[in-house]
Amino acid sequence: NPKMGCIRLKSPELVIDYPYFDCATDIWAAGIACLDIIIGLSSYWESKDADGMLQLIVNHFGSEKWNNFANRY
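This one's a predicted model, so the numbers in the text were calculated from it and none came from an experiment. (Residues numbered from 1 in each chain as written. Predicted model: local features only at pLDDT ≥ 70, side-chain atom pairs only at ≥ 80, totals over all residues. Heavy atoms only, no water.)

*Asks:* Looking at this structure, I do not really get helix α3 (residues 50-61). What am I missing?
*Replies:* Residues lying three or four places apart along an α-helix face the same way, a consequence of the helix completing one turn every 3.6 residues. Counted at 1.5 Å a residue, the expected span for α3 with its twelve residues is 16 Å, and the 16 Å between its end C-alpha atoms agrees. For α3, the set of buried residues is Met53, Leu56, Ile57 and Val58. Where α3 is buried, its residues contact α1 (12-15), α2 (24-39) and α4 (63-71). Gly62 lies just past α3 and shows a positive phi near 95 degrees. (Helix = DSSP H or I, 4+ residues; strand = E, 2+ residues; numbered from the N terminus. Expected span 1.5 Å × (residues − 1). Buried < 20%, exposed > 50% of the residue type's maximum accessible area, 1.4 Å probe, protein only. Contact = heavy atoms within 4.5 Å.)

In structure tokens, the structure reads:
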């Protein structure tokens, strides 16, 4: 269920409520969790809602990469 889980670990597919996702969402969450453990990502990668998390993703990866990702869906 996309409504479950911690917002900071949700993959972009889940943040935008895309109904079809696969194991890549789990890989995303594992990667974010590992970065949090290794470099303390939680102080930077924090949002209270999906819009804020989406903005963090776009800020970090850039709008061109986001647009390429979003165009797949």
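*Asks:* Looking at this structure, I do not really get unusual backbone geometry. What am I missing?
*Replies:* Apart from glycine, the bulk of residues carry a negative phi angle, and the bulk of peptide bonds sit in the trans form. Phi at Asp17 is positive, roughly 60 degrees, even though this residue is not glycine. One can find Asp17 in the loop between α1 and α2.

*Asks:* When you look at the state of the cysteines in this model, what are you seeing that I'm missing?
*Replies:* A disulfide bridge is the covalent bond that connects two cysteines by way of their sulfur atoms. Tallied over the entire structure, the rule returns zero disulfides. Not part of a disulfide, Cys6 finds its nearest cysteine sulfur in Cys34, a span of 15 Å. The class of Cys34 is partly exposed, set by a relative accessible area of 43%. (Disulfide = S-S within 2.5 Å.)

*Asks:* How should I be thinking about a nonpolar patch on the surface in this particular structure?
*Replies:* Taken together, the side chains of Leu35, Ile37, Ile38 and Ile39 present a nonpolar region at the surface, about 470 Å² in accessible area. In this structure, Leu35 sits in helix α2. A relative accessible area of 38% means that Leu35 is categorised as partly exposed. (Patch = residues over 30% accessible without salt bridge, like charges linked within 9 Å, V, L, I, M, F, W, Y side chains within 5 Å. Areas by Shrake-Rupley, 256 points an atom, 1.4 Å probe, with all protein chains shown as cover. Salt bridge = Lys/Arg side-chain N within 4 Å of Asp/Glu carboxyl O.)

*Asks:* So what exactly am I meant to see when it comes to the nonpolar core here?
*Replies:* Soluble globular proteins tend to pack their nonpolar side chains together in the buried interior. Among the nonpolar cores identified, the biggest contains eleven residues, and these are Ile7, Val15, Ile32, Leu41, Trp45, Met53, Leu56, Ile57, Val58, Trp66 and Phe69. If you list the elements that add at least two residues to this core, you get α3 and α4. Looking at this core, the element that brings in the most residues is α3, giving four residues. Ignoring sequence-local partners within four residues, the contact set of Met53 consists of Ile7, Arg8, Val15, Trp45 and Ser47. (Core = buried A, V, L, I, M, F, W, Y, C linked by side-chain atoms within 4.5 Å.)

*Asks:* So what exactly am I meant to see when it comes to the pattern of salt bridges here?
*Replies:* When charged atoms on two side chains of opposite charge get close, those side chains can pair. For the structure on display, the rule yields two salt bridges. Taking the shortest distance from any N to any O, the salt bridge between Arg8 and Glu46 comes out at 3.2 Å. In this pair, Arg8 is assigned in the segment before α1 and Glu46 in the loop between α2 and α3, connecting sequence segments 38 residues apart. Since its relative accessible area comes to 11%, Arg8 is described here as buried. Classification of Glu46 by relative accessible area gives partly exposed; the value is 46%. One network of salt bridges, in which partners are shared, links Arg8, Asp36 and Glu46.

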